[in-house]
Amino acid sequence: MSAQTEEAAAQAAPRTGKGTAPPPASGRGAGARAVPYLLILPAAAVTVLLLGWTMVKNGLLSFQNLGRRQLIRHITEWTGIDNYGNALGSSEFWRVTGRSVLFTAANVTLIMVIGCLTGLLLARLGTKLRLLLSLGLVLAWVMPVVAATTVFQWLFDQRFGVVDYLLDRLGWHAMAHYNWTGSQFSTFFVITVLIVWQSVPFVAINLYAATTTIPKELYEAASLDGAGTWKQFTSVTFPFLRPFFLATTFLEVIWVFKSFTQVFAINEGGPDRLTETLPVYAFQEGMGSQHFGMGAAISILTIVILLALTAYYLRLVLKQEEDEL
Amino acid sequence: MRRSLFGRVWPGATAVVLFAAFAFPVYWMFATAFKANKDIVSDTPVWFPTAPTLDHFSKAVAADGFWTFVGNSLTVTLIAVALSLVIALLASFAVARMRFKGRKSFILVMMTAQMAPWEVLVIAYYMIVRDADMLNSLVPLTAIYTVMVLPFTVLTLRGYVAAVPKELEESAMVDGCTRTQAFIRVIFPLLAPGLMATSLFGFITIWNEFPMVLILNKDPGAQTLPVWLTGFRTTFGDDWGATMAASSLFAVPILVLFVILQRKAVGGLTSGAVKG
């Protein structure tokens, strides 16, 4: 139904735009016609200059052999597709790529499952408890990323961290004074807890807001037909919120896949570079080892992989926007 | 029904547990920041700061260059947010109120730009800024941050401008206002809440930005709070009290802003965020 009204609005809009256009726009000819372009000029100009040009520059860099020597002497040394060849030919790159995809999948699954369950719970709660839980969610949501990374390092601290203490008290004595940043899996575990903790509130609160838009009659009809809680979810809630699930899942994929601050701040990609995901890997190869051309090539490959992972959603969004505009 | 007691209790119980899980890290940050050192380095955690102290805060504030970082963070954040608001306001007015060729492409460019993977473009930015001989300066940083939050600002403000009834503007023009006057006198005041909500998002993004400043500004004199805070071990060693005090100081402006702008902000953030 909403699609129809939007369509109607889209059809009506250009006509009203032309028909009832305020006098200044239609009356003064070329001068007035330039107004919208002047208005968007600053935004378009800075975006093209500072983002568009950087994308181009990134592409150019990826075809150059640019190390410390070339950097200092300002030499441009073109190497064709060598950087790409080296990256794609190295087992390290594929290991990091596989790791990034797995890391993203695990995080997004956890975020969506916990976020949706929390959102559905919000919808079931009474006013007071809902307010309480929302307060907790908003606190986690608003907490600045950088502050959260230091707090999680403290929570998971080896000597005086609360997490080790609690696990020990709960009977898992091997975890007393456990060194979380000592191994690949445990470091990823901390990063995942951090990212899930930060992302669930967004999903939960939005899902709750979205459920309030579902007409009550649908649930009444479903329960008259004898549908239980699960059946109500699969036959009413899920179909109704399908666009929401789709959009949120893909936004989280984008967000998790390119997350740099959390991965870098918790353990700088360590131990032994075993927790580097693609953005951190590009950074370490490019800036750390000063192979800037190589770093640029990896960053292009990262973008390509991200585009491939989200192509389905991006196509949908662009198509939808195009129809709506 | 046998299930009913359990059925009534579990949502509430789960809600309380979840509340604790989400609120605890924030609570623990503030609690640690106020605790005396012997309560922080104790084998059994002290759950409440029984004898609150401000020692850690004075240590954090007295840390090398703290006020420089605060000044730098505030400078880049406020200037970039203000610039992006002005630039976006112009563009969003054109997009929401005028029909012109290229309007659609402009919106699509903004939507694409909003998804730009800044984190992986840092190397290219480094080369560009280095070639311009402007490393360790706040100017390129501010410019990049402006563009970083601009697409979101344009797309969100577009919604707010469109929500102001066209009739208000038209009747102002019938009463003899020019279009510019109508905008300043009629639309702008109505946009104020939208502007504030949008700026909150920009503020949070820039206040938190880490990879860009990490790469562009190696000189401590030109760094911002996120670099200082993530490198807390160099400043404070294993002094968790001071680290948590520093984190609290970093988080408080955002928490305060959020509380002030709460209602508008949640609506604004969600509507903009879901739009992607």
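- In the nomenclature of an unreviewed UniProt entry, chain B is known as N,N'-diacetylchitobiose transport system permease protein of Streptomyces olivoverticillatus.
- In UniProt, chain B has this text filed under Sequence similarities (unreviewed entry): "Belongs to the binding-protein-dependent transport system permease family."

- Under an unreviewed UniProt entry, the name given to chain A is N,N'-diacetylchitobiose transport system permease protein, and the organism recorded is Streptomyces olivoverticillatus.
- In UniProt, chain A has this text filed under Sequence similarities (unreviewed entry): "Belongs to the binding-protein-dependent transport system permease family."

### Looking at the overall build of chain A
Stage number 1. Looking only at helices and strands, chain A has 16 helices and zero strands in total.
Stage number 2. Relative to the 2.2 N^0.38 estimate, which gives 20 Å for 325 residues, the radius of gyration of chain A is 25 Å and therefore markedly larger than a compact globule would have.
Stage number 3. For the C-alpha atoms alone, the extent of chain A along its principal axes is close to 65 × 60 × 30 Å.
Stage number 4. Buried residues in chain A amount to 37% of all 325 residues.
Stage number 5. Sequence separation of 24 or more characterises 65% of the internal contacts of chain A that already satisfy a separation of 6 or more.

### Describing the UniProt feature "transmembrane region" (unreviewed entry) in chain A
Residue and element names in this part refer to chain A.
Stage number 1. UniProt's feature table lists "transmembrane region" (unreviewed entry) at residues 34-56, 101-123, 135-156, 185-209, 240-257 and 292-314, given in the numbering used throughout.
Stage number 2. A helix fraction of 96% and a strand fraction of 0% characterise residues 34-56, whose end C-alpha atoms lie 29 Å from each other.
Stage number 3. Overall, residues 292-314 shows 100% helix and 0% strand. The separation of its end C-alpha atoms is 29 Å.

### With respect to the UniProt feature "domain: ABC transmembrane type-1" (unreviewed entry) in chain A
Stage number 1. If you check UniProt for "domain: ABC transmembrane type-1" (unreviewed entry), the listed places come out as residues 97-313 of chain A in our numbering.
Stage number 2. Between the end C-alpha atoms of residues 97-313 of chain A the distance is 21 Å, and the span holds 78% helix and 0% strand.

### Examining the interface of chain B and chain A
Stage number 1. If you look at the interface, chain B gives 77 residues, while chain A gives 75 residues.
Stage number 2. Among the elements that make up the side of chain B that touches chain A, the one with the highest residue count is helix α1 (residues 4-34) of chain B (13 residues).
Stage number 3. Residues of the side of chain B that touches chain A, tallied by class, amount to 62 nonpolar, 10 polar and five charged.

Cut-offs used in this document
- Residues numbered from 1 in each chain as written.
- Chains lettered and ligands numbered in written order.
- Predicted model: local features only at pLDDT ≥ 70, side-chain atom pairs only at ≥ 80, totals over all residues.
- UniProt positions renumbered as here; feature names shortened; annotations may be inferred.
- Helix = DSSP H or I, 4+ residues; strand = E, 2+ residues; numbered from the N terminus.
- Rg over C-alpha atoms; globule rule 2.2 N^0.38 Å.
- Buried ≥ 20, exposed ≤ 12 C-beta atoms within 10 Å, placed from the backbone.
- Contact = placed C-beta atoms within 7 Å.
- Nonpolar A, V, L, I, M, F, W, Y, C, P; charged D, E, K, R; others polar.

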